[in-house]
Amino acid sequence: MGPTAAGKTALALELARRFDGEIVSVDSAQVYRGLDVGTAKPDAATRSAVPHHLIDILDPTQRYSAAAFAKDAAHAIEGIRARGRVPLVVGGTMLYFKALTEGLSALPQADAAVRAAIDADAARRGWPALHAELARVDPALAARLAPTDAQRIQRALEVHRLTGTPLSALQGRRAGAATLGRTLAFALVPDRAWLHEVIAQRFDAMLAQGLVDELRSLQQRYALHPDLPSMRTVGYRQAWMFLAGHLDAAGLRSAGIAATRQLAKRQFTWLRSTRAAHYDPRDADSVDGIAKAVAAALEEARRVRATGADL
């Protein structure tokens, strides 16, 4: 795991080659077909050389959840192990990692009809008005949300309408995590100043590779709107504003880089609370250090299996 642009993909590919691995993507944007440039999605040649899972599984008009990811990822991991290969769970969507390893709050499933009603209400009155409604039924949560945070306001109102209970009161009740067996956890934690430079360089590269044209093509192929989770993804949200005439080219670049840095900041916050071993991606010894830990764990697993004991 690690912040965006930290070098997770390159490290994972190297580990997959060394240990006969398959990669399970932990990326809430790479699940969408057609979101290639702005998500730094591995290309076809890379995915042919090393099998990847949970990439290109949904159209950008669809919604995905951390709970759905945890179920899908656990199934993928089980299949990889059944083939005698090593599952490498790789990405930067920290909530998905948490859902897989720790479980999630025991909340009701999404209800399409309730969400449609909330969206229609927002279209008439605006999200700040719905934020004010949330403040009346769940003041603790509303105080933590911006009045324009459509996704979280929608979910909080949905939960309240389905259960009659504030979302903040339900969040401490957790559903069980997947039974993964022994795992090793590593985090790439780079220097922030260095990462900021890399983020700017990568966003410039995405613009040069056709991020805006990619979004324009997606708008022609699908019935998209800016409140879809796929279109709220960093990079696509700013490209949408550019195509809508709300940003010029310079503003697109500036807003995209700033949003990506904010995403990285939130990811750093998550990483501080994990028990993962931290590595600096700039350190040439990081790959070998992680590889040694993996090799030792696999050798121990082989010894345990040879004795017939449980690991």
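Cut-off values and rules
- Residues numbered from 1 in each chain as written.
- Predicted model: local features only at pLDDT ≥ 70, side-chain atom pairs only at ≥ 80, totals over all residues.
- Heavy atoms only, no water.
- Core = buried A, V, L, I, M, F, W, Y, C linked by side-chain atoms within 4.5 Å.
- Buried < 20%, exposed > 50% of the residue type's maximum accessible area, 1.4 Å probe, protein only.
- Helix = DSSP H or I, 4+ residues; strand = E, 2+ residues; numbered from the N terminus.
- Contact = heavy atoms within 4.5 Å.
- Pairing = 2+ DSSP bridges.
- Axes fitted to C-alpha atoms, helices over the stretch in contact; angles between N-to-C directions.
- Phe/Tyr/Trp six-rings, centres within 6.5 Å; stacked < 30°, edge-to-face > 60°.
- Lys NZ or Arg CZ within 6 Å of the ring centre and 35° of its normal.

### Here's the deal with the nonpolar core
- Counting 49 residues, the largest nonpolar core has Val24, Tyr64, Phe69, Leu224 and Met231 as the members making the most contacts within it.
- Top contributing element to this core by residue count: helix H3 (residues 66–82), with seven residues.
- In this view, Met231 contacts Leu35, Leu215, Leu224, His225, Pro226, Tyr236, Arg237 and Trp240; residues no more than four positions away in its chain are not counted.
- Within the second largest apolar cluster, 17 residues are counted, among which are Ala16, Val86, Leu188 and Ala291.

### Considering the sheet that holds strand S2 (residues 52–53)
- Read across the sheet, three strands follow the order S2-S1-S3 without closing on themselves; strand pairing throughout is parallel. Of all the strands in the sheet, the pair left with one neighbour each is S2 and strand S3 (86–91).
- Of the pairings in the sheet, the one linking strand S1 (residues 21–26) to S2 comprises two bridges and is parallel in character. Its bridge partner being in S2, Val24 is matched across the sheet by His53.
- Its contacts with the sheet place helix H4 (residues 94–102) against S1 and S3, and it is angled at close to 140 degrees to S3.

### Observations concerning the packing of aromatic side chains
- One pass over the full model with this rule turns up three aromatic pairs.
- Relative to Tyr279, the ring of Phe186 lies with its centre 6.0 Å away and its plane at 65 degrees, an arrangement referred to as edge-to-face. In this pair, Phe186 is assigned in strand S4 (residues 186–188) and Tyr279 in strand S5 (residues 277–279), connecting sequence segments 93 residues apart.
- You can call Phe186 buried: its relative accessible area is 18%.
- Counting every residue linked through ring pairs, the aromatic cluster contains Tyr64, Phe69 and Tyr96.
- Across from the ring centre of Phe268, 4.2 Å away, lies the NZ or CZ of Arg192, which sits over that ring.

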